[in-house]
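Examination of the molecular architecture
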Amino acid sequence: MTKVNIVLAALLISCALLLINAQYQARRLFIELEREQTLSRQYELQWTQLKLDQSTLGKHSRIQATAASELNMQPITPDRTQYLKAVEVK
């Protein structure tokens, strides 16, 4: 009877230790999940901001104004256009 009690006690202790380990792993994984979800939300916010910046900076009027003011570019006119004739080399 004592051997059965010892075996049952050892089995009970091992089950308790396995339960503790399982709970620890579950908590660790939950914390990791929360961290990754927070990171995902930050990435989504950055992506939204980048799309907004792209739509703002990519507008034709803004590009044209920047080209004129910062790069001193001017619109093309027919009198300023130079045409090159291709010469076939034999």
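Below, the structure is looked at part by part. On a predicted model such as this, the values are computed, not experimentally measured, just so you know. (Residues numbered from 1 in each chain as written. Predicted model: local features only at pLDDT ≥ 70, side-chain atom pairs only at ≥ 80, totals over all residues. Heavy atoms only, no water.)

1. Re the overall build of the protein
Counting its secondary structure elements, the protein contains two helices and zero strands. With the C-alpha coordinates of the protein rotated into their principal frame, the extents come out at 110 × 45 × 15 Å. The burial tally for the protein puts 1% of its 90 residues in the buried class. Distance from the positive charge centre (11 side chains) to the negative charge centre (8 side chains) of the protein: 6 Å. (Helix = DSSP H or I, 4+ residues; strand = E, 2+ residues; numbered from the N terminus. Buried < 20%, exposed > 50% of the residue type's maximum accessible area, 1.4 Å probe, protein only. Lys, Arg positive; Asp, Glu negative; His and termini not counted. Charge placed at Lys NZ, Arg CZ, Asp CG, Glu CD.)

2. Brief notes about the environment of Leu39
You can see Leu39 is positioned in helix α1 (residues 2-57). Accessibility expressed as a relative area gives 30% for Leu39, which makes it partly exposed. Linking Leu39 and Ala67, residues 28 residues apart in sequence, is a C-alpha distance of 37 Å.

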